Amino acid sequence: MEAILHGIILAFGLILPLGVQNVFVFSQGATQPKLLRAFPATITAAICDTLLILLAVFGLSVIVLQFEWLRIGLMSAGVLFLLYMGIAIWRSEPTKNETNKALPIRQQIIFASSVSFLNPHAILDIVGVIGTSALKYVGTDQILFTAACIIVSWLWFFGLTLAGAVMKKIDGTGVLMKMFNKFSAIFIWGTAIYLLIGLV
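Residues numbered from 1 in each chain as written. Predicted model: local features only at pLDDT ≥ 70, side-chain atom pairs only at ≥ 80, totals over all residues. Heavy atoms only, no water.

### Points about the overall build of the protein chain
Along the backbone of the protein chain there are eight helices and zero strands. Counting from the amino terminus, helix and strand elements in the protein chain follow one another as α-α-α-α-α-α-α-α. The buried share of the protein chain, reckoned over its 200 residues, is 42%. Long-range contacts, defined here as pairs at least 24 residues apart, represent 90% of the contacts in the protein chain between residues at least 6 apart. Summed over all atoms, the accessible surface of the protein chain reaches about 10500 Å², with 74% contributed by carbon and sulfur. (Helix = DSSP H or I, 4+ residues; strand = E, 2+ residues; numbered from the N terminus. Buried < 20%, exposed > 50% of the residue type's maximum accessible area, 1.4 Å probe, protein only. Contact = heavy atoms within 4.5 Å. Areas by Shrake-Rupley, 256 points an atom, 1.4 Å probe, with all protein chains shown as cover.)

Shown next as structure tokens:
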């Protein structure tokens, strides 16, 4: 249960800030004439995150678990990165994106893939934070942690698409997105403290 809760909290903390990837998924929900037509972007983003999470958790863990000093070093770096990231997110303004127009399926898939795999922030978040956080667990607990992160990712992207569709006629002021960023920063700081306790 601890691994599941940790995975849920960490995944939400990392995924809530509305960066390019999230804004794109949200914008497709808000601009496509029908909700189903926004799903290619949603599913592509979720699959990309799933692949990155699996690579980070199992690929990184296999290497790091062989070296205790490396595990401690990475977890320490993860704590510092989380603290810095929380500060950056707390101070950040909602990201504005010029790609807020309805796109055909092929372009949705290409763009969603590019903002997932070619976004250094997304890769650092998943490999640097989720990957190092997974080092706290082994066996079944690690699988539960990973599954929780993946499920949160899928639910978030579908929820984001739905939110875009619901808010289609609402002129957003950016207040809600600012609130998301504040909650995200709090989650991330909490995770940093949790990792730090595991080191001492």
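### A word on the packing of aromatic side chains
For the structure on display, the rule yields four aromatic pairs. One aromatic cluster in this structure is built from Phe39, Trp154 and Phe158. (Phe/Tyr/Trp six-rings, centres within 6.5 Å; stacked < 30°, edge-to-face > 60°.)

### A look at the confidence of the model for the protein chain
For the protein chain, the mean per-residue pLDDT works out to 78, and 76% of the residues sit at or above 70. Of all the helices and strands in the protein chain, helix 6 (residues 120-133) carries the lowest mean pLDDT, 70, while helix 7 (residues 140-166) carries the highest, 90. Between residues 95-100, whose pLDDT stays under 50, and residues either more than four places distant or in other chains, the model counts twelve contacts. (pLDDT = per-residue confidence, 0-100.)

### Quick word on helix 5 (residues 105-117)
Taking 1.5 Å per residue as the helical rise, helix 5 with its 13 residues ought to reach 18 Å, and the 18 Å between its terminal C-alpha atoms agrees with that figure. Every buried residue belonging to helix 5 is among Gln108, Ala112, Val115 and Ser116, and all of these are buried. End-on, the buried residues of helix 5 take up no more than an arc of 100°, which puts them together on one face. (Expected span 1.5 Å × (residues − 1). Arc of directions from axis to C-beta.)

### Side note on a nonpolar patch on the surface
On the surface, Met1, Leu5, Ile8, Ile9, Phe12, Trp90, Met179, Phe183, Ile186 and Phe187 cluster together into a nonpolar patch covering about 910 Å² of accessible area. On the secondary structure map, leucine 5 appears in helix 1 (residues 2-15). (Patch = residues over 30% accessible without salt bridge, like charges linked within 9 Å, V, L, I, M, F, W, Y side chains within 5 Å. Salt bridge = Lys/Arg side-chain N within 4 Å of Asp/Glu carboxyl O.)

### Quick word on the nonpolar core
With 25 residues, the main nonpolar core has Leu10, Leu14, Ile53, Leu82, Ile130, Phe145 and Cys149 as its most contacted residues. Taken together, the elements giving at least two residues each to this core come down to helix 1, helix 3 (39-64), helix 4 (68-91), helix 6, helix 7 and helix 8 (175-199). In this structure cysteine 149 touches Gly7, Ala11, Ile53 and Ile130, once residues within four positions along its chain are discounted. In terms of nonpolar packing, the next biggest core, distinct from the first, is built from seven residues, Val25, Ala45, Phe157 and Leu160 among them. (Core = buried A, V, L, I, M, F, W, Y, C linked by side-chain atoms within 4.5 Å.)

### Notes on the environment of alanine 134
Relative to the helices and strands, alanine 134 resides in the loop between helix 6 and helix 7. Through-space distance from the C-alpha of alanine 134 to that of phenylalanine 58 is 8.6 Å; in sequence the pair is 76 residues apart. Those residues in contact with alanine 134 that sit more than four places away from it in its chain are Val57, Gln142 and Phe145.

### Concerning the side chain of threonine 44
Looking at where threonine 44 falls in the secondary structure, it is placed in helix 3. Once residues within four sequence positions are removed from consideration, threonine 44 is found in contact with Ile109, Ala112 and Ser113.

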